[in-house]
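# A closer look at the structure
The lines below spell out each chain.
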Amino acid sequence: MGIYLNPGSNKFQETINSDIYVDKTEVIEYLNSIVRTEQKYVSVSRPRRFGKSIAANMLCAYYGKGDSRHIFEKLKIAGCGNWDRYLNQFDVIKVVMTDFIKSRVDVETSLDKMQKLIMRDIRKQYPDVDYFDSDDLLQSMADVYSENGTQFVIIIDEWDAVFRERKNDYDGQTMYLDFLRDWLKDKEYVALAYMTGILPIKKYGKHSALNMFREFSIITPMQFAEYTGFTEDEVKDLCGEYGRDYNKFKEWYNGYDVSDIIPPDRNYEIQKSTGKELEQKHYSIYSPLSVVEAVSTGIIQNYWNNTESYEALAEYIRMNFDGLKDAVALLMDGGSVSVDLSSYQNDMTSFHGRDDVLTMLIHLGYLGYDIDTGKVFIPNKEIRDEFKTSTKSEEWVDTFTSFKKSQKLLQATWDCEEEKVAELLEWFHDTAENKTYNSEAALSYAVQMAYYAGQKYYTTIQELDSGKGYVDLVYLPSPQCPDKPVLLIELKYDKTVGTAADQIRSRNYPQKLEHYKGNILLVSVNYDKDVTSDSVGYKHHSCEIEKV
């Protein structure tokens, strides 16, 4: 048994010996199905505290040469057919990249040290191999395979350390990715390559150096979905065993919704071989570390700060790309925000807009993601506490002031308080970035900003075709909020509020929304630029609200 070659089963045995152990060994059945196939490259990314290192130790114990049958024959994997097919059949190389990649050490030096230490173990295990160059790790592994037919299972924990420890070392990152490609890709000595990290595989240029890997992330975990964290049933069982209040655990630590949906090409392969189409399953996932701590101590509290500082979250959400701060305020109010995942570069520095930051926060575990709606949300009370702590600085005062006024505007609209609505719209128009006040487009921009809090309850549609014209703004209740009224907002610039109301009636806009009849508010807004400051009840905006 070496340090890096066949490190043994001691670490996994310690996990099993712990007071709380949740058995996730059935994932080995899937991994066994891809050993020595073209799908043998697996990258599993999920947040800290979600059991990545425990899984890596489990695979070392299972695949590594030695004798661990006595461990696994008592666990769930033993209930799977042909479960011991690859038990103790390979030389396992396990590397924790944070042991080598350091902020103060250049990448080339780190990789050189790592290779020398692995080679020391290999030479001890195989002293009689005719090595071409015993200092060359890649060639030496090929030499071992050539002489002995020995294949390796290579397990890399914290594979993305270089992107976290050396965020701005782009040359070092490229060197690291190229090294992993040269070490793993198309090598006959590799039976299985398994990497874990927080971030998905880094993109650079148009291609990834590691495009042979199939990625299982917190967003698309596929076959790893139920192994991403603790499931509801597992948490219920723990709460029952320890006499804990499950409902409190659900409020504090639940909320990561993951799906085992498999891409169409793979689904087709399975359907062809089995004659059955896969059914998508959703799993409600809990943070393992938080659950274990709370179950063990009986104390329900925020355990997130044991592994993360609130400054880490604060650093990212203060990047006010495309109204990111407004989005954070909405999320903290229990709302959800649509996100485009496609542009994120899978690192911690290349942010080009709000969506990139939100996508990274999904991978870090600060946000949940609904794959069906494409929206992000704050998953539970524990994470909401982190957001509260991270937004206490003075720079957030204006953001929350605006959001509270938006909430008041929404309530005033529902209550048909026309004067209050006009007053709040005045405030938002005065604070809008677009201060031209010279068009309906500028007015529309200000009104949409003013009703920002409504995204928690509504889907916004601009220029809805009624058949006889277009409604400027329509707020349709989301399926989760069917009791909320439809808001039909007609805007006029430098005319009268009556003109807007008359237009709504003359064009029969509500007929377009016949099934909402009885729960529609017609909101007519006009902006009069010529109102003088000495006018009675001075304000540029006027409003009428009618229920139909």
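Quick caveat: nothing in here was measured; it's all calculated off a predicted structure. (Residues numbered from 1 in each chain as written. Predicted model: local features only at pLDDT ≥ 70, side-chain atom pairs only at ≥ 80, totals over all residues. Heavy atoms only, no water.)

Attention shifts here to the overall build of the protein. On a plain count of helices and strands, the protein comes out with 20 helices and 16 strands. For the protein, the residues scored as buried account for 52% of the 548 residues in total. A sequence separation of at least 24 residues applies to 70% of the contacts in the protein between residues at least 6 apart. With an accessible surface of roughly 24900 Å², the protein has 45% of that area assigned to carbon and sulfur atoms. (Helix = DSSP H or I, 4+ residues; strand = E, 2+ residues; numbered from the N terminus. Buried < 20%, exposed > 50% of the residue type's maximum accessible area, 1.4 Å probe, protein only. Contact = heavy atoms within 4.5 Å. Areas by Shrake-Rupley, 256 points an atom, 1.4 Å probe, with all protein chains shown as cover.)

Inspection of every chain in the model, using the stated rule, returns zero disulfides. Left without a disulfide partner, C416 is nearest to the cysteine sulfur of C543, which lies 9.1 Å away. Residue C416 is classed as partly exposed on the basis of its relative accessible area of 31%. (Disulfide = S-S within 2.5 Å.)

Across the eight residues of strand 4 (residues 190-197), eight count as buried, placing the element largely inside the fold. As judged from the five bridges shared by strand 1 (residues 41-45) and strand 4, these two strands associate in the parallel manner. Residue pairing for strand 4: S45 is matched across the bridge by G197. Alignment of strand 3 (residues 152-157) against strand 4, held across five bridges, turns out to be parallel. Each residue of the ladder has a partner; that of F152, found in strand 4, is V190. (Pairing = 2+ DSSP bridges.)

Moving on: the side chain of H363. Secondary-structure assignment places H363 in helix 15 (residues 354-364). Non-local contacts of H363, meaning those with residues more than four positions away in its chain, are made with R46, P47, I198, P200, S217, I218, I219 and Y344.

Right, let's get into the packing of helix 6 (residues 137-148) against helix 8 (residues 170-184). Two elements in contact, helix 6 and helix 8, have axes whose closest approach is 9 Å; the angle formed by their N-to-C orientations is 15 degrees. When the axes of helix 6 and helix 8 are compared, the pair comes out roughly parallel. Handedness of the crossing formed by helix 6 with helix 8: right-handed. Contacts between helix 6 and helix 8 pair L137, L138 and M141 from the former with F179, D182 and W183 from the latter. (Axes fitted to C-alpha atoms, helices over the stretch in contact; angles between N-to-C directions. Parallel < 35°, antiparallel > 145°, perpendicular 65-115°, else oblique. Left-handed = near helix turned anticlockwise from the far one by under 90°.)

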